[in-house]
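Fold and geometry: a report
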Amino acid sequence: MKRFYTFALCLLALMTACNDDDDSVKVPEAVTTSFDTMYPSARLDGWLAWRGFMVADFELNGADHQAWYDKSGRWYMTDSEIDYRSLPAAVRTAYQNSAYSSGWEIDDMEELARAEMDTIYIIEIWQLRSQLDLYYTSNGVLVDTEPYGYGDPTIWVPAAVPSAVKGYLDSNYAGYSMIQIVVDSGMTAAIINYNQSALSVQFDSTYKWLRTVETISESEVPEPVMSALAGSEYSAYIIRAISRTTDSTGETYTFALTNGTRNVTLRISAEGSIIK
């Protein structure tokens, strides 16, 4: 649980440096009641205050955990240290079949249980001087890959789903589950788990659908698109990733390419035209 635990240690160090009072974090009674109800057998190590959330750092069944609440006592998520055997079979299979299973070593694993959203499983891997965090859903969909310890853990705190967004998803993606809601510059992206894929369904400020972006495999790319790539100046480059974007004008395919020293992004229409 090093990725989230490092955040806890850094915050504790900051609090210690700024406060001599051990009771500097005031935890509302509603929060402690909620925590005690959820984890009656836990050994509480302490509380952290972070961006409006109250975070309980505790031990249970020999493992480290962090539970996140708001000040009203509402639970949002719990990050738990787990071992490889505790990963869902689908996650273990997805990892074993990935490019990361060869040449990389597993260092740590976490389970991120969240209110009304998919549980996320994090596998921390390392290779020489490189460390990565792989984020999987419980059915083995890889939804994100980030450098170890990247970013703010609050990005995984469940956010409210606007009713218009939920209505669109319910109508167009039957059986989906929610991974994450991201709001940036007035735009909303719903990251969903649908048909064994992670889709980014994007909306404007009025919640009108703009586009859907999906990471796909080479076998899912239409022949005219692959032919256009083969006839381009980047035909000898290695494909790192492919995404398909669907909007009101149709489909486009975006390739992340590399030749070892240079990285290139190439967009091609479904008809096989390279988009400048």
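This text follows the structure it describes.
Read on for a plain summary of the structure.

Criteria and cut-off values
Residues numbered from 1 in each chain as written. Predicted model: local features only at pLDDT ≥ 70, side-chain atom pairs only at ≥ 80, totals over all residues. Heavy atoms only, no water. Helix = DSSP H or I, 4+ residues; strand = E, 2+ residues; numbered from the N terminus. Buried < 20%, exposed > 50% of the residue type's maximum accessible area, 1.4 Å probe, protein only. Pairing = 2+ DSSP bridges. Contact = heavy atoms within 4.5 Å. Axes fitted to C-alpha atoms, helices over the stretch in contact; angles between N-to-C directions. Phe/Tyr/Trp six-rings, centres within 6.5 Å; stacked < 30°, edge-to-face > 60°.

Remarks on unusual backbone geometry
- Although it is not a glycine, E116 sits at a positive phi angle of roughly 60°.
- By secondary structure assignment, the location of E116 is in the loop between strand 5 (105–114) and strand 6 (117–127).
- Note on E116: relative accessible area 76%, which makes it exposed.
- Positive phi values are uncommon outside glycine, yet N195 reaches one of about 50°.
- Among the secondary structure elements, N195 is positioned in the loop between strand 10 (187–194) and strand 11 (197–203).

Quick look at the sheet that holds strand 16 (residues 274–275)
- Read across the open sheet, the eight strands follow the order 9-10-11-12-13-14-15-16; overall the sheet is antiparallel. At either end of the open sheet lies a strand with only one pairing partner, and these are strand 9 (177–184) and strand 16.
- Looking at chain direction, strand 10 and strand 11 are connected through seven bridges and run antiparallel. Each bridged residue has a counterpart across the sheet, and for T188 the counterpart in strand 11 is F203.
- Across the sheet, helix 4 (residues 163–172) touches strand 9, strand 10, strand 11 and strand 12 (209–216), and the angle it forms with strand 10 is around 35°.

Structural notes on the sheet that holds strand 7 (residues 130–137)
- One open sheet accounts for eight strands, arranged 1-2-3-4-5-6-7-8; its pairing is antiparallel. Of all the strands in the sheet, the pair left with one neighbour each is strand 1 (43–50) and strand 8 (142–147). When strand polarity is set aside, the average angle formed by the axes of neighbouring strands in this sheet is 20°.
- Pairing analysis gives five bridges linking strand 7 to strand 8, with the strands arranged antiparallel. Looking at the pairing, D133 lines up with E146 of strand 8.
- Packed onto the sheet, helix 3 (residues 89–96) meets strand 5, strand 6 and strand 7 and runs at close to 135° relative to strand 7.

A short note on the packing of aromatic side chains
- Counted under the stated rule, the structure contains 14 aromatic pairs.
- Residues Y100 and W104 carry aromatic rings whose centres are separated by 5.9 Å and whose planes lie at 75° to one another, so their mutual orientation is edge-to-face.
- Ring plane angle 85° and centroid distance 5.1 Å describe the contact between Y173 and Y194, whose orientation is recorded as edge-to-face. You can see Y173 sitting in the loop between helix 4 and strand 9 and its partner Y194 sitting in strand 10, a full 21 residues away along the chain.
- Three or more aromatic residues link up through ring pairs in this structure, and these residues are F35, Y39, W47, F58 and Y69.

Quick word on the pairing of strand 13 (residues 238–247)
- Sheet topology note: the strand 12/strand 13 ladder contains six bridges and is antiparallel. If you follow R211 over to strand 13, its bridge partner there is D247.
- When strand 13 meets strand 14 (residues 250–258), the two strands line up antiparallel, connected through nine bridges. Among the inter-strand pairings, S243 is bridged to a residue of strand 14, identified as T254.
- Here strand 13 folds back onto strand 14, and the loop between the two strands holds two residues.

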